[in-house]
Structures are given as structure tokens and as C-alpha cells.
Amino acid sequence: MKPSGYPSVLDVCEPMTQLNSRRQAVLSVVVQEYISSAIPVGSRTVVETYGLQVSAATIRNEMKALEEHGLLTHPHTSAGRVPTEEGYRYFVEHLLPDQPLAADDQRMIQHMFHQVHREADEWAQLAAAVLAHTAQMGAVATPPRSDHCRFKHIELVEVRDSLVLLVLVLHQGIVKQQMLSVDFGISQEELSQISNMLNDQLANLTISEMNTSRLPLSALGSQVLSVVQSIMSREDMPGSEQIYREGLSHILMQPEFTHTEEAQHLMTVLEQLPVLGSIFEGVRQRDGVQILIGGDGRYEPLRELSLVLSRYGVDSSATGVLGIVGPVRMAYGRTIPLVRYMSQVMSDLVGQWYGEG
């Protein structure tokens, strides 16, 4: 089989156990059978599935050797084996064929995105929904963003006396709204004058590029500018982006999460923004599909989960992260090409958006 070479989210360079061809074949069968059935795999199943011209006793010896290497283990109540996290990792990095996404899935995804609007949040939300539906797993996606957001446009709308709606549009399609209370009545004409001046003076600037000391601002203008800068500062903070989550029900249907306590733990983990934000920041620094299996020994809350993630976007302009979340017993042969293809689709969208802008 052709090695895939998919990196872990953690760039850990540890020597991988060397296996002969028979042990690789046995490990591959055990992993694929367990992914499919969630039932520990016995030696007879390996012989019948792979058609090896050896006895079940020989396969048992090979499975015992794989267990000694830390790639298989067996539950106390069963004679069959199940993969360990290291076993899954070896399978993904060395035994999983590198195949493209099926043509039918590619056509479906292209159709779903054919009429998508230009709001980046909409792209990310749709990507998460399509990933979850196609993989029948959980999915996550963040909108594309740059390291430093840029001002695009502002509108100030009179709602009623002493209340103003501020609508701030940033590049990458980010739209923020905030209500402002003022101590005096102000006309829509005055509000338009303030917004027109800020649009003229701040267009395409980051916070660090803004020189506002010479702007002839009124008291309200200064208040508006302060709010704009506060919003942009928050957007620039690492891990501050919106994370869209879809398909939680698909994960809860897996045998690993059928008990209430396990399901509650899963839901808590997926709401831990600092953990996910830290992982996503790492993914944004590298190309290609990246895989985190069982937390990779670093993220303890994720020990029951695997994440198949990829960066997408245009490096010099804006990037986001998307991927699939599920049990460690995940169909990697399905999820990896799916995430790779979705990343390509989203990168094309971001590239077109900037090319048109």
C-alpha cells in the first residue's frame, strides 16, 4: 500500500515501529474491520477477510506481536483485538491509500456551493454542514480571516432619539453590529457625515495603520471610532473567530458516546474554545490535511476523539480552518479525502472573492 504521510497536528518526530508486510496487512485488516463494526477483531476474521494462506494460530501470533509493539490491545472480556491510538496513527501514516474523493461527492459539494453568497460566515457554516452530512460525523469550520483585520465600511443609522446602530464591515466579509447610546439627539444627516469621513479616512487600514490623531471628530465621532477600534482589536485576537459546529447528533450515535456521561463530556469538549482555538492556530500554520488522534498525548479532553483538519484560503490574504470531528474509531479513508477536497473548494472561493475585490 502507498504511504499517505498525513502529519499529526502536533509535529512530533518519534521513530515509528517498523513492521514486516504480514504484520502491516494484519494491522490494516484489524483497523478497517474495527472501524466498520466497533467489535473486537479475532484472528479468524483476519484470515477470512484478507485471504491469507496461513493459519489462524499464525495470525494470533502476529496480533500478539502487534500488541507488544503497542499497536493493538484487547478488551478484558474478548479474545479479539482493537487498535490503539498508535495503531490508528500507523495505519493513517503508512497503510492508508492516498485516494481522491469520490466523483459523486465532488459533484454534490460543487452543487451545494454553486450559488453561495459572498459572506464568508455563510461559506464556513455551509462547509461545516456539508462535511457533517457527507461524513455522517461532526464537523467544524471557521470563517476566513487575516492576521490583522482591515476596515472596509461603516454605517451609522438613527434608531430613535439617543440610540444609534453602528454597522461595521471588515474585509473577509466580517460584519459587526453594535448599538450606541448618545446623550443628545442627532440627525441621520449628521450620522452620515461621520460615517462618510471615517469611510474616507480609514478605508483598507488595519488598527496599526490608523493615524486618527488629526481627524476632526466630534464627541460622537470619537465614540464611534473608539468602538470601531475595540471591535477590530477583538477580531485580531488569536482564537477569537467564530467556530461553526454541525453534526453533533452523528457523533452521539456512535457506540463510544451512547452513555449520558460520555455524551455530556463530548458536548463540553466541543464548547472549549481555548482548546479548539489553540489547535486551529497550529493548523493555520501548515499546509495539507492534519490529523489529531486521541489528543496526541497533549490535549487530554480530546482523548476519545479524532480531528481531521485542514487550513484553507489564501495565505497572503485570509485563511480559515475546517474539518471533521468523531471518535478515534473514525473512517479515515473517507474523512481525509473529504476534508482535503472541501479545503480546495473553500480556497477557490476565497481566491475568487479577493480576485474580484
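Residues numbered from 1 in each chain as written. Predicted model: local features only at pLDDT ≥ 70, side-chain atom pairs only at ≥ 80, totals over all residues. Heavy atoms only, no water.

> Describe the sheet that holds strand β4 (residues 151–160), with residues and values.
Ordered in space as β4-β5-β6, the 3 strands form an open sheet in which the pairing is antiparallel. The sheet is open, and its two edges are formed by β4 and β6 (174–181), each paired on a single side. Strand-to-strand twist across the sheet, computed as the mean angle between neighbouring axes with direction ignored, equals 20°. Strand direction decides the pairing type here: strand β5 (residues 163–170) and β6, joined by 8 bridges, are antiparallel. The residue bridging V167 from the neighbouring strand is Q177, located in β6. Lying on the sheet, helix α7 (residues 188–202) is in contact with β4 and β5; it crosses β4 at an angle near 170°. Along the sheet, helix α8 (residues 219–236) makes contact with β4, β5 and β6, crossing β6 at roughly 140°. (Pairing = 2+ DSSP bridges. Helix = DSSP H or I, 4+ residues; strand = E, 2+ residues; numbered from the N terminus. Axes fitted to C-alpha atoms, helices over the stretch in contact; angles between N-to-C directions. Contact = heavy atoms within 4.5 Å.)

> Explain the pairing of strand β9 (residues 305–314) residue by residue, including any values.
Most of β9 sits inside the fold, with 9 of its 10 residues counted as buried. Here 10 bridges tie β9 to strand β10 (residues 318–327), and the two strands are oriented antiparallel to one another. Within β10, the residue paired with R311 across the bridge is V321. (Buried < 20%, exposed > 50% of the residue type's maximum accessible area, 1.4 Å probe, protein only.)

> Help me get a handle on the sheet that holds strand β7 (residues 244–246), residues and values and all.
Read from one edge of the open sheet, 5 strands run β7-β3-β10-β9-β8, paired in antiparallel fashion. Each of the sheet's edge strands pairs with one partner strand only, and the pair in question is β7 and β8 (289–293). Pairs of neighbouring strands in the sheet enclose a mean axial angle of 15°, with direction left out of account.

> Account for the pattern of salt bridges, naming residues and giving values.
This structure, assessed with the given rule, holds 14 salt bridges. Note that E209 is salt-bridged to R150, the shortest N-O span being 2.9 Å. Placement of E209 in the loop between α7 and α8 and of R150 in the loop between β3 (138–141) and β4 is noted, with a sequence separation of 59 residues between them. Residue classification places E209 among the partly exposed residues on the basis of a relative accessible area of 39%. Classification of R150 as partly exposed rests on a relative accessible area of 31%. Through salt bridges with shared partners, a single network forms among R22, R23 and E62. (Salt bridge = Lys/Arg side-chain N within 4 Å of Asp/Glu carboxyl O.)

> Got a sec to walk through the packing of aromatic side chains? Specific residues and values, please.
Considering all chains together, one arrives at 1 aromatic pair under this definition. When the centroid spacing of 6.1 Å and the interplanar angle of 55° are considered together, the rings of Y88 and Y332 count as tilted. Of the two residues, Y88 is situated in helix α4 (residues 85–95) and Y332 in helix α12 (residues 332–356); the sequence distance between them amounts to 244 residues. The class of Y332 is buried, set by a relative accessible area of 0%. (Phe/Tyr/Trp six-rings, centres within 6.5 Å; stacked < 30°, edge-to-face > 60°.)

> Explain the nonpolar core residue by residue, including any values.
Membership of the largest hydrophobic core comes to 61 residues, with the highest contact counts inside it found for L27, I109, F113, Y332, M342 and M346. The greatest single-element share of this core, amounting to 11 residues, is contributed by α12. In this view, M342 contacts I109, F113, A127, V130, L131 and L322; residues no more than four positions away in its chain are not counted. (Core = buried A, V, L, I, M, F, W, Y, C linked by side-chain atoms within 4.5 Å.)

> Hey, could you go over helix α3 (residues 56–68) for me, with residue numbers and the actual values?
The first and last C-alpha atoms of α3 sit 18 Å apart over 13 residues, in line with the 18 Å expected at 1.5 Å per residue. Every buried residue of α3 is listed here: I59, E62, M63, A65 and L66. Down the axis of α3, the buried set is contained in an arc of 155°. They therefore lie on one face. Relative to its buried face, α3 has exposed residues pointing more than 90 degrees away, namely N61 and E68. The secondary structure elements touched by the buried residues of α3 are α1 (21–37), α2 (43–50) and β1 (72–73). Looking one or two residues beyond α3, the residue adopting positive phi is G70, at roughly 85°. (Expected span 1.5 Å × (residues − 1). Arc of directions from axis to C-beta.)

> Summarise a negative patch on the surface; cite the residues concerned and give the values.
Taken together, the side chains of E85, E261, E262 and E304 make up a negatively charged region of the molecular surface. Within the secondary structure, E262 sits in helix α10 (residues 260–270). Take E262: its relative accessible area is 32%, and that puts it in the partly exposed class. (Patch = residues over 30% accessible without salt bridge, like charges linked within 9 Å, V, L, I, M, F, W, Y side chains within 5 Å. Areas by Shrake-Rupley, 256 points an atom, 1.4 Å probe, with all protein chains shown as cover. Lys, Arg positive; Asp, Glu negative; His and termini not counted. Charge placed at Lys NZ, Arg CZ, Asp CG, Glu CD.)

> Lay out the pairing of β10 in plain terms, naming residues and giving numbers.
Of all 10 residues that make up β10, 10 are buried, and the element is covered over most of its length. Relative to β10, β3 runs antiparallel, the two being bridged by 4 bridges. Across the sheet, the residue bridging to A141 is L322, located in β10.

> Go over the packing of α1 against α2, please, and point to the residues and values.
Between α1 and α2, the shortest axis-to-axis distance is 10 Å and the interhelical angle comes to 100°. Considered as vectors, α1 and α2 are oriented roughly perpendicular to each other. Along the contact surface, α1 presents A25, V26, V29, V30 and E33, while α2 presents T45, V46, T49 and Y50. Here the residues of the contact of α1 with α2 sort into 6 nonpolar, 2 polar and 1 charged. (Parallel < 35°, antiparallel > 145°, perpendicular 65-115°, else oblique. Nonpolar A, V, L, I, M, F, W, Y, C, P; charged D, E, K, R; others polar.)

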